[in-house]
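# Remarks on the overall topology
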Amino acid sequence: MIVSHIIKHKDMGDDDLNSFGRFIVNGSLMTLVALFMRAVSVIFNVYISNQIGAEGLGLFTLITTVYGFALTVATSGVNLAATRLVSEALGKCKSNTNKTPQKNKELDVIVKKCINYSLAFSLSVGIVLFLSADFIGNKILFDKRTISSLRLLAFTLTPTAISSALSGYFTAVRRVYKNAIVQLFSQFTRIFVTVLIFSVIYAADTEKACLGIVCGTALSEVLSFALQFILYINEKNEKTSFKIDKDYKKNVHKKLLGIALPVAFSTYLRS
């Protein structure tokens, strides 16, 4: 694919070369981070398995199955929608090279609508999960030890969903390294907190052990969201040289739903 891309653009100028270089760097960075995260995740899962045993691992799997579906509904395709909308907007930009760079208000509108979309879905799903945790634990999973963990995880849906929207934004503006920083921070925070909790609690108590892992996950999600939001605010305050057509933002909400909802329904079915 890369070779064909080079042949296709053999006569490209300096700007195209810079763009292609960023594509290679961002793609390589995403690949390396994904491989590293997968390796760390395998090692951490082995540690968890040794700590809580087969029974605890089975119980934790039940919890994460429900949480995974709740998270799918909470995000509902917002990551792809944010990436698509911001990329499309930037594609229509005109570089303001002869004037002092202005802050891009139009991109703010896009991100805010994506965040509002995330809030609407994640808060709704979080409330449902929290209120129905007792029913899910007793009537669906048939294990009341899952209830406390599910209720705690309900509070993580909103920050995680907003982080997904911001991640799509960073991907679109080619700030992939910021997503990488957040992912690494989240993973190592989760590991640190979980190991710290296991040094205090009695891991043989299956319910408390699972709750300890969930606490590590919850805290890492909240802290990584805070970090990503700080990175976004810093990015937002930077001056850019892009301007977007004013008519574009009028259809942002419609385009957001048109992109996110089909993706959301397909992921619901897969889940």
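Position labels on residues start from 1 in each chain and follow its written sequence. The model is predicted, so local features are restricted to residues of pLDDT at least 70 and side-chain atom pairs to those at 80 or more, both for listing and for counting; the totals for chains, interfaces and linings are taken over all residues. For the side-chain quantities, the full set of heavy atoms in the structure was used; hydrogens and water were omitted.

Once that is clear, we can look at the environment of Lys144. Its location among the elements puts Lys144 in the loop between helix 4 (105-140) and helix 5 (147-154). C-alpha of Lys144 to C-alpha of Asp134: the two residues are 10 residues apart in sequence and 7.3 Å apart in space. Per the convention used, a helix needs a DSSP run of H or I reaching at least four residues, while a strand needs a run of E reaching at least two, with both numbered from the N terminus.

Restricting attention to buried positions, one finds in helix 5 the residues Ile147, Ser149, Leu150, Leu153 and Ala154. Looking down the long axis of helix 5, one finds its buried residues gathered within 165° of arc, a one-sided arrangement. Relative accessibility decides the category of a residue: with a 1.4 Å probe and only protein chains considered, values under 20% of the type maximum give buried, values over 50% give exposed, and everything between is partly exposed. Each direction from the helix axis to a C-beta atom contributes to the arc, which is the arc of those directions.

Glancing now at the packing of helix 4 against helix 9 (residues 252-270). Only the stretch in contact is used when fitting a helix axis, every axis being a line fitted to C-alpha atoms; angles between N-to-C directions are given from 0 to 180 degrees. At a minimum axis distance of 11 Å, the contact between helix 4 and helix 9 shows a crossing angle of 40°. By the criterion of interaxial angle, the relationship of helix 4 to helix 9 is oblique. By crossing handedness, the relation of helix 4 to helix 9 is classed as right-handed. Of the residues in helix 9, those in contact with Ile110, Lys113, Cys114, Tyr117 and Phe121 of helix 4 are Val252, His253, Leu256, Leu257, Ala260, Leu261 and Tyr268. In terms of residue class, the contact of helix 4 with helix 9 is built from 10 nonpolar, 1 polar and 1 charged. The scheme is simple: roughly parallel for angles under 35 degrees, roughly antiparallel for over 145, roughly perpendicular for 65 to 115, oblique for anything else. For a crossing to be left-handed, the near helix must be turned anticlockwise from the far one by less than a right angle; the clockwise case is right-handed. Whether two residues are in contact is decided by their heavy atoms: any pair within 4.5 Å suffices. Throughout this entry, Asp, Glu, Lys and Arg are counted as charged residues, while Ala, Val, Leu, Ile, Met, Phe, Trp, Tyr, Cys and Pro are counted as nonpolar. The remaining residues, Gly among them, count as polar.

This part is about the nonpolar core. In this structure, Leu129, Leu150 and Leu157 are the most contacted members of the largest nonpolar core, which totals 30 residues. Secondary structure elements with two or more residues in this core: helix 2 (14-75), helix 4, helix 5, helix 7 (176-198), helix 8 (206-237) and helix 9. The biggest single contributor to this core is helix 2, with 12 residues. Discounting chain neighbours no more than four positions away, the residues touching Leu150 are Ile63, Val66, Leu129, Ala133, Ile136 and Leu141. Core analysis: the next-biggest nonpolar cluster, separate from the first, contains 26 residues, Ala81, Cys114, Phe170 and Ile259 among them. Nine residue types can take part in a nonpolar core, namely buried Ala, Val, Leu, Ile, Met, Phe, Trp, Tyr and Cys, and a core is a set of them joined through side-chain atoms within 4.5 Å.

Moving on, we get to the packing of aromatic side chains. Any two rings among Phe, Tyr and Trp, with Trp reduced to its six-membered ring, count as a pair given centres within 6.5 Å; such a pair is stacked if its planes are under 30 degrees apart, edge-to-face if over 60, and tilted if neither. According to the stated counting rule, one finds 9 aromatic pairs in the structure shown. On the basis of an interplanar angle of 35° and a centroid distance of 6.0 Å, the ring pair of Phe225 and Phe229 is categorised as tilted. Separated by 4 residues within a single helix, Phe225 and Phe229 lie in helix 8, roughly one turn from each other. Classification of Phe225 as partly exposed rests on a relative accessible area of 21%. The exposure class of Phe229 is partly exposed, given its relative accessible area of 34%.

None of the figures reported here should be taken as evidence of function without further support.
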